[in-house]
Structures are given as C-alpha cells and as structure tokens.
Amino acid sequence: MRRAAAFLLALSFASTLLSQTVTQQKPLLGFTAESARRQYALEADLDSRVKRDNLRQWMQRMSAQPHHLGSPYGKENAEFMAKLLRSWGYETRIERFDVLFPTPTERRLELLEPARFTAVLSEPAVEGDATSSIDSLPTYNAYSIDGDVTGELVYVNYGIPADYEELAQRGIDVRGKIVIARYGGSWRGIKPKVAAEHGAIGCIIYSDPKDDGYFHGDVYPKGAYRNEHGVQRGSVADMPLYTGDPLTPGVGSTPGARRLPIAEAKTLTTIPTLPISYGDALPLLRALEGPTAPASWRGALPITYHIGPGPAKVHLKVAFDWATAPAWNVIAMMKGSERPDEWIIRGNHHDAWNFGANDPVSGMVALLEEARIVGELAAKGSRPKRTIIYAAWDAEEQGLLGSTEWAEEHAAELKQKTVVYINTDSNARGFMYAAGSHTLEKFVGQVGRDVRDPQRDMTVGGRARANAIVSSSGEARNRIRGRADLPIGALGSGSDYTPFIQHLGIASIHIGFGGEGGGGSYHSAYDTFEHFTRFIDPGFQYGATLVSTAGRMTLRMANADVLPFEVSNFVETVAGYVDELRTLIDGMRNDTVETNLLIDEGFLVAVADPTETYVVPQGDDPVPHLNFAPVENALSRLKRAEAALSIAGPDRSVLSPKQRSELDALFIQLERKLTRDEGLPGRPWYRHQIYAPGQYTGYGVKTLPAVREAIELRKWQEAEQQIEVVAETLERFASEVERAAALVK
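Computed from a prediction, not measured in an experiment: that's the story for all the values here.

Draft legend 1. Inspection of the overall build of the protein at higher detail. In terms of regular secondary structure, the protein is built from 22 helices and 20 strands. Relative to its length of 745 residues, the protein is compact, with a C-alpha radius of gyration of 25 Å against a globular reference of 27 Å. Expressed as lengths along the three principal axes of its C-alpha atoms, the size of the protein is roughly 80 × 60 × 60 Å. Relative to its 745 residues, the protein shows a buried fraction of 64%. Long-range contacts, defined as pairs at least 24 residues apart, comprise 80% of the intrachain contacts of the protein with a sequence gap of at least 6. Here the protein contributes 80 positively and 94 negatively charged side chains, and the mean placements of these two sets differ by 5 Å.

Written out as structure tokens, the structure reads:
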C-alpha cells in the first residue's frame, strides 16, 4: 500500500509539473523559435495520421508464419516491407549477407539414473491459437557446439559467477558434470561460458515458473505466462567478444569476405548447450539430491530444490548442420532537402525465432507506420532537411547479425555521415524506457515531455520519471528527484544499436514501452498474434504511442537547425561513473561490494528492479590506491569547454547558416571521439571507452568498462593504464567541444 501511495503521489507531482510546462510552447533543442513552431505543427500532423489498424493488419500478416533467419517467409516479409516503403516514396533496396546459421540435426536429453526419462523438447499447439499448430523452428540454442556427453547433474541456480562462488563455499565442484541453470539473472550466453570455465561438460537451461510461469499468473492459453511446454530459444554466442557473423568479425559477410574456419570462431560455446521447458526440467531436478539449495535459489516447481551432484545422471546430445543462410536487410532512404549527407538512421529487426508477434513485429510495425507518415508529410511539402534511413534488420536473434554485417560493410561512409542511430525492438503496454548516448539525454527528455501516455493523464516522460522515483531508493531516488529531466540508461548490448555505438562510435538511442504487458511468450512458439492482442498491447495503444515518440525523435533530428546534442549531461554522467568506481574500490577493501545491473532480455530498463547481479571476486592481495587525477583533469577541461559552448543558448539561434553547418560536422564526430581503434583489452571489436557490455554480463552495461573490469578482476596495473586511456579519450572529446565553442564565439 505504501508503494502504491508513493507512486500515485509521484504521478500527481509529475503530472502537475508537466501540465504547467506543456501548456505553453517550450523551446526545442537545436531549433530557433520559428523553426520550433513549425516543428510542433508537423508533430501534431504526425499524431493525427497514426492508424492503429495498420499496426494490427501488418502484425497479423508478418507473424502468420515462422520467419526466422533463412526462412522463406522471412524473405517474403522483407519483400513485403520493401514494397510498402517504395510506395511511400523511399529509395529502397534489400541487401543480402550470407551468415553462419546452424540448425539442429539431433537433440536428445535423457535422465539415465536413478530413473529413466526422455525430455520431450517440443512445444505442442494450444487451444484457440491456430498459429501455434504450424511447424516452427526446433527448441535449441544457436551457436552451441556439437556434443554428446553423459555425466552427473548439478543445479547451479542462474549459472552466473556468484553462483559458482556459492558452490565453491559448499565444496561442490562441477568439473566433469552437466549443469542445469534457470533462465534469468544474466543473458543466456553467459551460462555455458561460465560453466565451461569451471570445468562443466554440458549446460542445460530451463525456464523456472517462479521467474517465467505460473508463479506470476495463469499460463497460456488461459493467461499470458509461460506454460509447462514453453521453451526460450536463443543465441548463446559470446557476444561480449564481438557481434555479428561468428566467421567474419570486423568485416561484412559478403561473397568475397574471408571467413574463419568454424573451429576458430571464438564466439561459439565450448560445451554443448540446450534449452528446455520446466515440464522437461521437473524430472531432472526432482532426481537431484545433495544439499538443499539456498532460499534465493529455489524456484516454484513442486519439489525441494537440491544442488547435487547426482544421483541424477543425464545424457545430452546435440548436433547441427553448420550451414549458412541469407540475411535480408531492408534499407529505405529519403534524401534530405538541405543536408543530404547527414544521416538519421532508424532501425528495428524483422526476424524472429518463430512467429515473433511481440519480438520483434510489435516494434517493426511501429517503424513502418512511422515511415508511412513521414513519407506522407514529405509528399505534402514537409520533406526532412537531413536524410532519413529506415532499416529492417534480419538475423538479430542470432547475435545482431544483419545490423552488424551492414555496419561493418559500410563502416567508412557511416562514420562520415551518420548523425544518430535510433533503435526499437519489442513493444508492450506500460512505461517508456530509454537508454543511449548521454549527449542526447536532454533531447530524449524533451521528446518524453511532449508525448501523452494513452492510459494516464500525463506525459510518457513524466510517467517514466515517476516510476523511476518509486522503483529506486536512497541516493538513486534523490538523484532522480533532484534533476529536471528524465535520466536515461547506458547502453550495453542486446539489440541492433550495438554495432553503431560500440563499434563505430555513432550516437545511439534505444527506446520502447513495457512493464505492463503480460510475459511468458518470449522466444517461444507462443509469441503469436493471438497472444499479443490478448495480453501484450490490446488495441495497439502503445504501438501508436511508440510511433509518436520515435517519430518525434526522427523528425526532430532530421529538421533541427543545429543538431540537438548537449554536453552537460554527459559530463555529469561520466563524473558519476568515476564516483561509482571509487565506491567499488572502497567496497572491495571492505569485502562488501556487489554490482547490480538493470536488464530485461535485450532491453536496458532504467526504471526496473535489478535482475542481474555480478559479485566482484575477492582476493588476498591488498587493494591499492588508484590515481584518478588524469580523468578528473580531463573532466575539468570538459566542463570549461561545455560552459563556453553553452553561450549560444540551447537553440543556437544566433549562429549563421555556415556556423550551423560547421557545428553539425563537429557534433556528428563527438561520439567517435569516445572510441579507440585498439578497442577494449582482449576484445578489440568493442571500441567505445565509456559504454560496453560486460564480459560476464552479456546485455548488462559496464560503464568505463576497461577500468571497471580491470578493478573487478583485481588487475591493478591494467586499471592504472586504462585510467590513462579514459583520460586521453575525454581529452579528445573536450578538444572537439572546444572547437565547437570557438565556432559559437
């Protein structure tokens, strides 16, 4: 009751504030007063043209058949979207990349002792959902290696590093064993990676009903949640090394590209891995004995959770065809009327594991509707000033293959011309979430300020901020309350923004809505049109809201007099990251530190409770003093440069057309200055020095990653070296801001 009361109070407070500010036209970053007036009128026109029935019809059509990578219907969907985009006035092409995509030739999981059981490994049709009866892609983990192993079973909870610390304290060793881990707590690819590092010979991943099933509500088809047969497919490639085709790191997988032998592909697992339902997991877990699992490890199955090892003994066998498949990217361009060589790229993926109504079609149809309206507005005379590119990526589910191969193939031109990449993925009812480059934090906040929530009498930004206040505690809550704009998260990985920001240094935003759409269909054969329209976003209200939100972002970026980048929030954010590192070090000295990460299977959720925890390893060596003075000095220089730049005011209305063009050129390169050609230690593909996915967090972000991970792994000399690297990076960034400030003068 207290939580509900606090939430209502926060809603009321935010709504009052926002209603007072939205009644009058507010300035827009990058726009003169007159340009802002025209932009607001254009956005009102955008909102008036949104047709929810388009979202429904396109989703029903695109999710009618399985459309995974390499499938006939995947290609048909690409051709369908390309035809629509051409009809709306876009120069449209389909780009093909041939990528590694193994599918199963054999899957077998048996309990051999103390009783016999053979796992079903299939998802039967459900009553009332005709789509679910169509043959779909088998339940498996892409990029698991072939394997035929037999061994005792050990339950490892979520299978993250902290869980193996717990096992070690109990004297339990997984060497030579097969582990069973439940989904959650980390991205799935971390589970076989950590298991193999501890000597396991196989990995089974299941969905426990406490995390993803009847513990939360009725199961499908009666309710939204995962039933006993539902299986979460998914890639287990080691994406923290690099994304894209495992055989062509760093280059596009075109016909002439050099491909690695499969044996040399570093992102494949080293042990066989298989996902199963909780119906198949129950007999395995019931057969375990040994210590009772800690309270936090216990799920919702009707058993006592034991760890093992044994007496349960299992046989796991998987084999794959190791074939390549064509990925079909749809690329649609509308050239800008004034600055055609400044590109705004807006993307969503179109491939799914099966029918994919929620993931990804809910986001894809919103992008199509946005593109349709922008085309209509251009046809009636409101052509964007900058070039807009709409992209429908293929092969995202296997590890961001379509977007990565395209970004690698066109890297030189993209680094020269691209202003921003705006990404969406799945979409549902609820709160706006946003993460991205903090030079765009104020821009995102202004967009959230100007879009109304369809369920509440307030803006989507105000509702997100109120939820962030209620969901946080202590100092984090005070920080949110103490700032006027909406905080956004930092980007790790998990969706198609990764190659743009992490590899090429292109400023990026990832947005969507969620938190209130019923779960349980994720990566299963039950992610269908029927499930989505009953439980996720009935009426497509939030699909329409996503069109209005992302459409504003696209059009504001395309039409701004000067690109709407702001440095002050970035400086404040990086300074906060440095403070976090100091807290981390202090905690390591006192053996009290944990690192909480906010993730939700592909989306960074800045307003949710932590779902991933990485416990920093302890050691006997003392924690030394680390000298952060170089970074502090660089931040001081950056603050001075930002102050000089702000003289022109947020709309830069005093600048001449020539100055605006020159300032744009500098702003486009700002994010590039945060990258380094050498990349991060041990993983050169990841070049961004401020944001990256963690090596043991997968989707979860590590900020100032080279320094943070060196500290966590107690590599003190490397930590000192990487502090210098971060300082040099910030100095380069500050130099670019100083050049911009000189233009303003």
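Draft legend 2. How the structure looks around helix H13 (residues 460-471). With 12 residues, H13 should reach 16 Å at 1.5 Å per residue; the first-to-last C-alpha distance of 16 Å fits that figure. H13 sits mainly inside the fold: 12 of its 12 residues count as buried. Along H13, the residues that are buried comprise Val460, Gly461, Gly462, Arg463, Ala464, Arg465, Ala466, Asn467, Ala468, Ile469, Val470 and Ser471.

Draft legend 3. Structural view of unusual backbone geometry. Omega for the bond connecting Glu113 with Pro114 falls within 30 degrees of zero, at 0°, which places this linkage in the cis form. Note that Pro114 resides in the loop between strand E2 (104-113) and strand E3 (117-118). The omega torsion of the bond from Tyr220 to Pro221 falls at 15°, within 30 degrees of zero and hence cis. For Asn157, which is not glycine, the phi torsion reads 60° and is therefore positive. Unlike most non-glycine residues, Arg714 shows phi in positive territory, near 60°. With respect to the secondary-structure elements, Arg714 resides in the loop between helix H21 (705-712) and helix H22 (716-744).

Draft legend 4. Just the pattern of salt bridges, in detail. One pass over the structure, following the stated rule, counts 48 salt bridges. The salt bridge involving Arg552 is made with Asp47; its shortest N-O contact spans 2.8 Å. Taken together, the residues span a long stretch of sequence, with Arg552 in helix H17 (residues 541-559) and Asp47 in helix H2 (residues 33-49) at a distance of 505 residues. Note on Arg552: relative accessible area 5%, which makes it buried. With relative accessibility at 31%, the residue Asp47 sits in the partly exposed group. For the salt bridge of Lys658 with Glu662, the shortest nitrogen-to-oxygen distance reads 2.4 Å.

Draft legend 5. The nonpolar core, seen in detail. Within the largest apolar cluster, 207 residues are counted, with the highest numbers of intra-cluster contacts made by Tyr206, Leu285 and Ile711. Looking at this core element by element, the count peaks at 13 residues for H22. Sequence-distant contacts of Tyr206, that is, excluding residues within four places in its chain, are made with Tyr155, Ile180, Ala181, Arg182, Tyr183, Ile276, Ser277, Tyr278, Ala281, Leu285, Leu301 and Tyr305.

Draft legend 6. Inspection of the sheet that holds strand E11 (residues 324-334) at higher detail. Within the open sheet, the seven strands sit side by side as E1-E11-E13-E12-E14-E16-E15. Their pairing is mixed. Each having just a single partner strand, strand E1 (91-100) and strand E15 (430-436) make up the two edges of the open sheet. Averaged over all neighbouring strand pairs, the angle between strand axes comes to 20°, with direction disregarded. This element, helix H10 (residues 401-409), spans E1, E11, strand E12 (339-349) and strand E13 (386-393) of the sheet and lies at about 105° to E1.

Draft legend 7. Region of the structure containing the packing of aromatic side chains. Enumeration according to the criterion identifies 20 aromatic pairs in this entry. Both rings, one in Tyr90 and one in Tyr390, keep their centres 5.6 Å apart while their planes meet at 85°; by these two values the pair is edge-to-face. Here the residue Tyr90 occupies a position in the loop between helix H4 (72-87) and E1, and Tyr390 occupies one in strand E13, the gap between them amounting to 300 residues. The exposure classification of Tyr90 matches that of Tyr390, with both residues buried.

Draft legend 8. Fine view of the environment of Val156. The topology assignment puts Val156 in the loop between strand E5 (147-155) and helix H5 (161-169). Each C-alpha atom of the pair Val156 and Asp245 lies 30 Å from the other, and the pair is 89 residues apart in sequence. Beyond its immediate sequence surroundings of up to four residues, Val156 is in contact with Asp163, Tyr164, Leu167, Val174, Val179, Ile180, Ala181 and Trp297.

Draft legend 9. Here's a closer look at the packing of helix H9 (residues 357-379) against helix H16 (residues 529-536). One can describe the packing of H9 onto H16 by two numbers: an axis separation of 10 Å at closest approach and a directional angle of 75°. Regarding the angle of H9 to H16, the classification is roughly perpendicular. Across the interface between the two elements, Ala357, Asn358 and Ser362 from H9 touch Phe529, Phe532 and Ile536 from H16. Partitioning the contact of H9 with H16 into residue classes produces four nonpolar, two polar and no charged.

Draft legend 10. Spatial organisation of the confidence of the model for the protein. Of all residues in the protein, 92% attain a pLDDT of 70 or more, and the chain-wide mean is 92. In the model, residues 1-23 has pLDDT below 50 throughout and makes 23 contacts with residues more than four positions away in sequence or in other chains. With pLDDT under 50 throughout, residues 596-613 is counted as low confidence; its partners more than four residues away or in other chains account for 61 contacts.

Draft legend 11. Expanded view of the environment of Gly698. If you trace the backbone, Gly698 turns up in the loop between strand E19 (691-693) and strand E20 (701-703). A residue is classified by how much of its surface remains accessible, and Gly698, at 4% relative accessible area, is buried. With 662 residues separating them along the chain, Gly698 and Ala36 place their C-alpha atoms 40 Å apart. Residues within four places of Gly698 in sequence aside, it is in contact with Trp187, Ile190, Pro240, Ser493 and Pro693.

Draft legend 12. Spatial organisation of the sheet that holds E2. The seven strands lie next to each other as E3-E2-E10-E5-E6-E7-E9, forming an open sheet whose pairing is mixed. One side of each edge strand has no neighbouring strand; the edge strands of this open sheet are E3 and strand E9 (273-276). As judged from the eight bridges shared by E2 and strand E10 (residues 313-320), these two strands associate in the antiparallel manner. If you follow Pro104 over to E10, its bridge partner there is Phe320.

Draft legend 13. Focus on the pairing of E12. Among the 11 residues in E12, nine count as buried, and that is most of the element. Pairing of E12 with strand E14 (residues 418-423), which is carried by five bridges, proceeds in the parallel orientation. Within E14, the residue paired with Ile345 across the bridge is Tyr421.

Draft legend 14. Fine view of H10. The buried fraction of H10 amounts to eight of the nine residues, a majority that puts the element mostly inside the structure. Listing the buried residues of H10 in full gives Leu401, Gly402, Ser403, Thr404, Glu405, Trp406, Ala407 and Glu408.

Draft legend 15. Examining the pairing of E15 more closely. Here E15 lies mainly inside the structure; seven of its seven residues are buried. Where E15 lies against strand E16 (residues 508-515), seven bridges are found, and the strand directions are antiparallel. Along E16, the bridge assignment pairs Phe431 with Gly514.

Draft legend 16. Representation of the packing of H4 against H9. Axis separation between H4 and H9 bottoms out at 10 Å; the angle between their running directions is 20°. Relative to H9, the element H4 is oriented roughly parallel. Crossing of H4 over H9 shows left-handed handedness. Taking contact as the criterion, the partners of Met81, Leu84 and Leu85 in H4 are, on H9, Met364, Leu368 and Ala371. Looking at side-chain class alone, the contact of H4 with H9 contains six nonpolar, no polar and no charged residues.

Cut-offs applied
- Residues numbered from 1 in each chain as written.
- Predicted model: local features only at pLDDT ≥ 70, side-chain atom pairs only at ≥ 80, totals over all residues.
- Heavy atoms only, no water.
- Helix = DSSP H or I, 4+ residues; strand = E, 2+ residues; numbered from the N terminus.
- Rg over C-alpha atoms; globule rule 2.2 N^0.38 Å.
- Buried < 20%, exposed > 50% of the residue type's maximum accessible area, 1.4 Å probe, protein only.
- Contact = heavy atoms within 4.5 Å.
- Lys, Arg positive; Asp, Glu negative; His and termini not counted.
- Charge placed at Lys NZ, Arg CZ, Asp CG, Glu CD.
- Expected span 1.5 Å × (residues − 1).
- Salt bridge = Lys/Arg side-chain N within 4 Å of Asp/Glu carboxyl O.
- Core = buried A, V, L, I, M, F, W, Y, C linked by side-chain atoms within 4.5 Å.
- Pairing = 2+ DSSP bridges.
- Axes fitted to C-alpha atoms, helices over the stretch in contact; angles between N-to-C directions.
- Phe/Tyr/Trp six-rings, centres within 6.5 Å; stacked < 30°, edge-to-face > 60°.
- Parallel < 35°, antiparallel > 145°, perpendicular 65-115°, else oblique.
- Nonpolar A, V, L, I, M, F, W, Y, C, P; charged D, E, K, R; others polar.
- pLDDT = per-residue confidence, 0-100.
- Left-handed = near helix turned anticlockwise from the far one by under 90°.

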